[in-house]
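Fold and contact review
Spelled out from the first residue to the last, the chains are:
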Amino acid sequence: MKRDRLRHGFVPGMAALVLCVVAAVASAAHLQEKGNAVKPHAADAPEKQFAVPTPPFTPGIFPCSECHKEMKPNPTRRTLTEEHTNIVLNHAQGQRWCLDCHDISNRDKLRLVSGEKIGFEESFRLCGQCHGDKYRDWKVGVHGKRTGMWNGEKQYLLCVNCHNPHDPRFKPLKPMPPPVRPGDVR
């Protein structure tokens, strides 16, 4: 008796589950036939576009290709003695070199670890490869500065608006006095 009740509940339930799975598969196949691709998994989704200002280049150095077009690329790690002598790489010293970030064949682009070339306005992606926690926080507005409306257009400052990419540590700041409380104003 108990076995019959269990079988009568189990068989219709399994049949309903199988029908749902078949319907979902058929629906996905139909959407793809019509040219409407099924939404990709979040990991496959393209990177969200962020409104950022123009990177703060030193005047007269961009585009880099203006000077580098006549130069044969030299990938050898070395101390620069002719140009860019004012740049001191104090960012993972001994582990980093200019061409870890700057593209050797197109000096107007940065290079991700994957080999993808990106513009300087997407430098946050380059920084985010090593500084993933800061990148995550920057994307949601916890790290860095964002301007704009809370419910409208926003502009995100790039990492290089606050950090020198060659020497990114913040320099010590002089402490300021505390703000005056409204009740203390006379």
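See above for the structure.
How each quantity is defined
- Residues numbered from 1 in each chain as written.
- Predicted model: local features only at pLDDT ≥ 70, side-chain atom pairs only at ≥ 80, totals over all residues.
- Heavy atoms only, no water.
- Core = buried A, V, L, I, M, F, W, Y, C linked by side-chain atoms within 4.5 Å.
- Buried < 20%, exposed > 50% of the residue type's maximum accessible area, 1.4 Å probe, protein only.
- Phe/Tyr/Trp six-rings, centres within 6.5 Å; stacked < 30°, edge-to-face > 60°.
- Helix = DSSP H or I, 4+ residues; strand = E, 2+ residues; numbered from the N terminus.

Right, let's talk about the nonpolar core for a bit. General note: in soluble globular proteins, nonpolar side chains tend to be found buried as a group. One finds Phe-50, Val-52, Phe-124, Tyr-135, Trp-138, Tyr-156 and Leu-158 forming the largest nonpolar core, which totals seven residues. Within the second largest apolar cluster, five residues are counted, among which are Leu-112, Ile-118, Phe-120 and Leu-126.

This brings us to the packing of aromatic side chains. Geometrically, a pair of aromatic rings is defined through the distance of the ring centres and the angle of the planes. Counted under the stated rule, the structure contains ten aromatic pairs. Taking 4.8 Å as the distance between ring centres and 70° as the angle between the ring planes, the aromatic pair formed by Phe-50 and Tyr-156 counts as edge-to-face. Residue Phe-50 is located in the loop between α1 (2-33) and α2 (65-68), and its partner Tyr-156 is located in strand β4 (residues 154-156); the two are separated by 106 residues in the primary sequence. A residue is classified by how much of its surface remains accessible, and Tyr-156, at 6% relative accessible area, is buried. Ring centres of Phe-57 and Phe-62 lie 4.2 Å apart, and the angle between their planes is 5°; this geometry places the pair in the stacked category. In this structure Phe-57 comes out as partly exposed when scored by relative accessible area, which is 27%. According to the relative accessible area criterion, Phe-62 is partly exposed, its value standing at 36%. Here a set of aromatic residues connected by ring pairs shows up, and it is made of Phe-50, Phe-124, Tyr-135, Trp-138 and Tyr-156.

Bear in mind that shape data such as this cannot, by itself, settle questions of function.
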